[in-house]
Amino acid sequence: MDIKEKIGEIAAKITGDEAMKDKFGKDPLGTVKELAGNIPPEQMQAIVEGVKTKISLDKLGGIGNIGGLFGK
């Protein structure tokens, strides 16, 4: 199993559905368990953290060209 691929897949499912976004905000671990399928328990927390990071980075990318603010 490719963890990066799984994180991207789960993040896409969450960001594409308002109900999932709300559910993830309230219960990240439960939401990831629901969406991930058969993930070993020892990898679950790492995937939750990866999904949080991916969603945060995607939000930053959607803000626009932040580099322009710093003269780049």
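Residues numbered from 1 in each chain as written. Predicted model: local features only at pLDDT ≥ 70, side-chain atom pairs only at ≥ 80, totals over all residues. Heavy atoms only, no water.

Peer 1: So what about helix α3 (residues 28-36)? Which residues, and what values?
Peer 2: Considered for burial, the residues of α3 that qualify are P28, T31, V32, L35 and A36. Down the axis of α3, the sector holding all buried residues measures 120°, keeping them to one side. Positive phi appears at G37, one or two residues downstream of α3, with a value of about 85°. (Buried < 20%, exposed > 50% of the residue type's maximum accessible area, 1.4 Å probe, protein only. Helix = DSSP H or I, 4+ residues; strand = E, 2+ residues; numbered from the N terminus. Arc of directions from axis to C-beta.)

Peer 1: Could you give an account of the pattern of salt bridges, with specific residues and numbers?
Peer 2: Counted by the stated rule, this structure contains six salt bridges. Notably, a salt bridge pairs K13 with E9, separated by 3.7 Å at the nearest N-O pair. Note that K13 and E9 are positioned in helix α1 (residues 3-15) at a spacing of four residues, about one turn of the helix. By relative accessible area, K13 is classed as partly exposed at 39%. The partly exposed category is assigned to E9, whose relative accessible area is 32%. Through salt bridges with shared partners, one network takes in K6, E9 and K13. (Salt bridge = Lys/Arg side-chain N within 4 Å of Asp/Glu carboxyl O.)

Peer 1: So what about the packing of helix α2 (residues 18-26) against α3? Which residues, and what values?
Peer 2: Their axes nearest at 5 Å, the elements α2 and α3 cross at an angle of 130°. Taken together, the axes of α2 and α3 are oblique relative to one another. Between α2, through M20, K23, F24, G25 and K26, and α3, the contact on the second element is made entirely by P28, T31, V32, E34 and L35. Here the residues of the contact of α2 with α3 sort into five nonpolar, two polar and three charged. (Axes fitted to C-alpha atoms, helices over the stretch in contact; angles between N-to-C directions. Parallel < 35°, antiparallel > 145°, perpendicular 65-115°, else oblique. Contact = heavy atoms within 4.5 Å. Nonpolar A, V, L, I, M, F, W, Y, C, P; charged D, E, K, R; others polar.)

Peer 1: For the nonpolar core, give the residues involved together with the corresponding values.
Peer 2: Counting 15 residues, the largest nonpolar core has I10, I14, F24, V32, I47, V51 and I55 as its most contacted members. Of all the secondary-structure elements, those providing two or more residues to this core are α1, α2, α3 and α4 (41-62). Examining the composition of this core, we find that five residues originate from one element, α4, more than from any other. Every residue in contact with I14, bar those within four places of it in the chain, is listed here: M20, K21, F24, T31, L35, V51 and I55. (Core = buried A, V, L, I, M, F, W, Y, C linked by side-chain atoms within 4.5 Å.)

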